Amino acid sequence: MRVEQIAVFLENKSGRLAEITSIIAEEGVNIRALSVADTADFGILRLIVDNVDKAQNALKEKGFTVGKTNVLAVEVSDKVGGLAKVLRSIEGAGLNVEYMYAFVNKSGENAVLIFRFEDMDKAIDSLMAEGYTLLTGEQICSL
Amino acid sequence: MTTRYWEEEIETLPRVGLESIQLLRLKRLVARVYEKVKPYREKMDAAGVKPEDINSLADLQKLPFTYKDDLRDNYPFGLFTVPLDEVVRVHASSGTTGKSTVVGYTEADIKLWSSVMARALCCAGAHSGDIVHNAYGYGLFTGGLGAHYGAERLGATVIPVSGGNTKRQINIMRDFGSTVLMSTPSYALNLADAMGEMEVDPQSLSLRVGIFGAEPWSENMREEVERKLNLKAVDIYGLSEIIGPGVSMECVASSGGMHIFEDHFLPEIIDPQTGEVLPPGEKGELVFTTLTKEAFPLIRYRTKDISRLMYETCACGRTLVRMEKVTGRTDDMLIIRGVNVFPSQVEHVLMGIDGVEPHYQIVVEREGNLDTMQVQVEVSENIFSDEIRVLENLANKIKADIKDYLGVTCSVKLVEPKTIQRSEGKAQRVFDRRKM
């Protein structure tokens, strides 16, 4: 149910994002989704990739600080109000969202919402009970 | 464990005996420099003191201080007391803050240096049969050759590996079975980092003890080095002007503090502002008089190092006074908006925070009329999080702890690993960009 995500620490310097994505590309690893969270001084790049270990090792070797976390990927139909509906369910279940980001898959029918919750177990139970589809890492990569 | 001494009789002599030796040597020294070295004679004449006025150790206070500027003014050989054909070696400081200072040694001085370094190695529990991995820099810097000669004198096997080429050093350590590491503490951490990268387990090495010096380091850094390299870390102190490493040395039995080899190097603690000698146990500037050195003796040399003398008896049986780990310099002290800040205090705060690595630097600037201090800390995997909030909390905690401990507000910048320059020798921690 959980999807592995890698996170990379970034100083706010020009060219860092290009460097990281090049390193990943050189390893032949495909990026499925990403988000950048930033402050005035630093940022955190979060990535969903098709080969977590390969990307992580390559970045570490180049001296980046890399972490691995579990997130949930919720599939919703790509229609007006799709996101709002999920967020209402989350609010109703009393779940705290640490962060989220989203992408639309190639067919354009469904959107994938990536969530990091404070309480992941509770989130899985609540979302399953509400009948949402939680994707695995493999499923995301084969979309 | 039985204590090992190099020169047991002198190292365990009752203080009254030691002081009579010191006085005898002091009188001889003052007479000699007065006769042979014009700058000393002029200074003593100006202060109205003659060699025959020195009749007790307390009379030392009548003599004028010698400053680093005196060494520069007499660059390169003006303070030598012997003709150059008796000088068998010179060393020199890097001269980053101006003209370098040059020191000279006669053959007897080199023997003296070797024997105090052998004493220092014994303090650390080293013995003949040990394999000494000497990663202090060889060259004009006194660290490498000073440690080298002492370890040879002791009868140990010396690997003169010097600084740099870190991966090769680790291979040598593993293949040769190094038992004693001698380096700067920051380079020791550098070695530990590289071992991690090479997947060499320190437990699989034979290192037993590390003799670290040439730069200030904190108790927390000691724990870090001991844990990461799986050895006992002890502190050595010295400066090239006095002889090089081997002026004082921590023993493995000590609960802190380094035994000064005071039959050769007579210490005083003074108030750096007034020059007054402070009562025993008080903290102040360390001043040394070299009692036995031939080529380049110094009288009341101002080290600018802040320390304290401890006359309490030591578990090792040595009667030699101990000096506290140097807690700062009278000159690397930063004054930030009127608050005195030593980089070692910032380090102390950082090492007290779980997971924070000792890779940091301090940048001081002046904006308008206001000093700003930024502490840059590398984000290692131990403290990294994918959540902004967690990293911001960490930065805020560092800021708050520094404010608590030092009473000064700083900004904290988290930086990527390896952005702070790794030292092969002394780590440069402070970048003072204020234009005064």
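Residues numbered from 1 in each chain as written. Chains lettered and ligands numbered in written order. Predicted model: local features only at pLDDT ≥ 70, side-chain atom pairs only at ≥ 80, totals over all residues. Heavy atoms only, no water.

By the naming in an unreviewed UniProt entry, chain B goes by Phenylacetate-coenzyme A ligase and is assigned to Desulfopila aestuarii DSM 18488. Taken directly from UniProt, the Pathway (unreviewed entry) text for chain B runs: "Aromatic compound metabolism; phenylacetate degradation." As its UniProt record puts it under Catalytic activity (unreviewed entry), chain B is described as follows: "2-phenylacetate + ATP + CoA = phenylacetyl-CoA + AMP + diphosphate". (UniProt positions renumbered as here; feature names shortened; annotations may be inferred.)

Chain A is annotated in an unreviewed UniProt entry as ACT domain protein of Desulfopila aestuarii DSM 18488.

Peer 1: Kindly report on the overall build of chain B, identifying the contributing residues and their values.
Peer 2: Broken down by element type, chain B carries eleven helices and 20 strands. Put simply, 66% of the contacts in chain B that link residues at least 6 apart link residues at least 24 apart. For chain B, the computed accessible surface area is about 18300 Å², with 49% contributed by carbon and sulfur atoms. Each charge class in chain B was averaged separately, 51 positive and 62 negative side chains, and the resulting centres sit 3 Å apart. (Helix = DSSP H or I, 4+ residues; strand = E, 2+ residues; numbered from the N terminus. Contact = heavy atoms within 4.5 Å. Areas by Shrake-Rupley, 256 points an atom, 1.4 Å probe, with all protein chains shown as cover. Lys, Arg positive; Asp, Glu negative; His and termini not counted. Charge placed at Lys NZ, Arg CZ, Asp CG, Glu CD.)

Peer 1: How would you summarise the overall build of chain A if you had to cite specific residues and measurements?
Peer 2: Scanning chain A from terminus to terminus reveals five helices and seven strands. Scaling as 2.2 N^0.38, a compact globule of 143 residues should have a C-alpha radius of gyration of about 15 Å, and chain A matches this with 16 Å. Its C-alpha atoms give chain A principal-axis dimensions of roughly 45 × 30 × 25 Å. Of note, chain A has its 15 positive side-chain charges centred 2 Å away from the centre of its 21 negative side-chain charges. (Rg over C-alpha atoms; globule rule 2.2 N^0.38 Å.)

Peer 1: Could you give me a rundown of the state of the cysteines, with the residues and numbers involved?
Peer 2: Counted by the stated rule, this structure contains zero disulfides over all chains. B:C122 takes part in no disulfide bond, and the closest cysteine sulfur, belonging to B:C123, lies 7.4 Å away. (Disulfide = S-S within 2.5 Å.)

Peer 1: Residues and numbers for the UniProt feature "domain: ACT" (unreviewed entry) in chain A, please.
Peer 2: Sites flagged by UniProt as "domain: ACT" (unreviewed entry) map to residues 5–79 of chain A. With 28% helix and 47% strand, residues 5–79 of chain A has end C-alpha atoms that lie 26 Å from one another.

Peer 1: Report on the packing of helix α7 (residues 166–176) of chain B against helix α8 (residues 185–198) of chain B, specifying residues and quantitative values.
Peer 2: Residue and element names in this part refer to chain B. Running from N to C, α7 and α8 point in directions that differ by 80°, and their axes come no closer than 9 Å. With respect to α8, the element α7 is oriented roughly perpendicular. The segment α7 lies against α8, with T166, K167, Q169, I170, N171 and M173 engaging Y187, N190, L191, A194, M195 and M198. (Axes fitted to C-alpha atoms, helices over the stretch in contact; angles between N-to-C directions. Parallel < 35°, antiparallel > 145°, perpendicular 65-115°, else oblique.)

Peer 1: Requested: an account of the interface of chain A and chain B, with residues and values cited.
Peer 2: Between chain A and chain B, the contact holds 25 residues from the first and 18 residues from the second. When the area that chain A buries against chain B is broken down by residue, the three leading residues are A:F9, A:E11 and A:T65, summing to 35%. Where chain A touches chain B, the interface holds four salt bridges. Ionic pairing is found between A:K60 and B:E381, a salt bridge with its closest N-O pair at 3.3 Å. Our count for the contact surface shared by chain A and chain B stands at eight residue pairs in polar contact (both at pLDDT 80 or more). (Buried area = accessible area lost by both parts, 1.4 Å probe. Salt bridge = Lys/Arg side-chain N within 4 Å of Asp/Glu carboxyl O. Polar contact = N/O pair within 3.5 Å; in protein donor to acceptor, adjacent residues only side chain to side chain.)

Peer 1: Could you give an account of the packing of α8(B) against helix α9 (residues 219–229) of chain B, with specific residues and numbers?
Peer 2: Residue and element names in this part refer to chain B. Contact pair α8 / α9: the axes reach a minimum separation of 10 Å and the direction vectors enclose 35°. Between α8 and α9 lies a crossing whose hand is left-handed. Contact with α8, carried on its side by P185, S186, A188, L189, A192, D193 and M195, involves M221, E224, V225, K228 and L229 of α9 and no other residues of that element. (Left-handed = near helix turned anticlockwise from the far one by under 90°.)

Peer 1: Outline the packing of aromatic side chains, supporting the account with residue identities and numerical values.
Peer 2: Residue and element names in this part refer to chain B. Counted according to the given criterion, the structure contains eight aromatic pairs over all chains. Considering the side-chain rings of F77 and F80, the 5.2 Å spacing of their centres and the 35° angle between planes classify their relative orientation as tilted. For F80, a relative accessible area of 8% gives the class buried. One Lys or Arg, R89, reaches over the ring of Y149 and ends 4.6 Å from the middle of that ring. Its end group placed over the ring of F65, R302 keeps NZ or CZ at 4.7 Å from the ring centre. (Phe/Tyr/Trp six-rings, centres within 6.5 Å; stacked < 30°, edge-to-face > 60°. Buried < 20%, exposed > 50% of the residue type's maximum accessible area, 1.4 Å probe, protein only. Lys NZ or Arg CZ within 6 Å of the ring centre and 35° of its normal.)

Peer 1: An account of the domain arrangement of chain A is needed here, citing residue identities and associated values.
Peer 2: Residue and element names in this part refer to chain A. For chain A, the domain assignment lists domain 1 (2–69) and domain 2 (70–142). Taking only C-alpha atoms into account, the centre of domain 1 sits 22 Å from that of domain 2. Contacts between domain 1 and domain 2 engage 14 residues on the former and 18 residues on the latter. Buried surface at the junction of domain 1 and domain 2, both sides included, amounts to about 1400 Å², of which 59% is carbon and sulfur. It is R2, V3 and R32 that lose the most area in domain 1 upon contact with domain 2, and together they represent 53% of the buried surface on that side. Applying the counting rule to domain 1 against domain 2 returns one salt bridge. Note that D121 is salt-bridged to R2, the shortest N-O span being 2.5 Å. At the junction of domain 1 and domain 2, the tally comes to four residue pairs in polar contact (both at pLDDT 80 or more). Secondary structure elements with two or more residues in the side of domain 1 that touches domain 2: β1 (2–11), β2 (31–38) and β3 (42–49). (Domains from an automatic or database assignment.)

Peer 1: Tell me about the pairing of strand β6 (residues 110–117) of chain A, and name the residues and values.
Peer 2: Residues and elements named next belong to chain A. Most of β6 sits out of view: seven of its eight residues are buried. When strand β4 (residues 66–77) meets β6, the two strands line up antiparallel, connected through six bridges. Paired with A73 across the bridge in β6 is I114. In terms of strand pairing, strand β5 (residues 97–104) meets β6 through seven bridges, oriented antiparallel. From the neighbouring strand, Y99 faces β6, where its bridge partner is R116. (Pairing = 2+ DSSP bridges.)

Peer 1: Before we move on, can you summarise the sheet that holds strand β17 (residues 360–367) of chain B with the specific residues and values?
Peer 2: All names here are of chain B. Taken together, the four strands give an open sheet; going across it, the order is β19-β18-β17-β20, and neighbouring strands pair in mixed fashion. Every other strand in the sheet has two partners, leaving β19 (411–415) and β20 (430–432) as the edge strands with one partner each. For this sheet the average axis-to-axis angle between neighbouring strands, irrespective of direction, equals 20°. Note that β17 and strand β18 (residues 370–378) share eight bridges and pair antiparallel. Looking at the pairing, E365 lines up with T372 of β18. Against the sheet, helix α10 (residues 343–351) contacts β17, β18 and β20, and its axis sits at roughly 125° relative to β17. Contacts between helix α11 (residues 388–406) and the sheet are confined to β18 and β19, with β19 contributing the most and set at about 140° to the helix.

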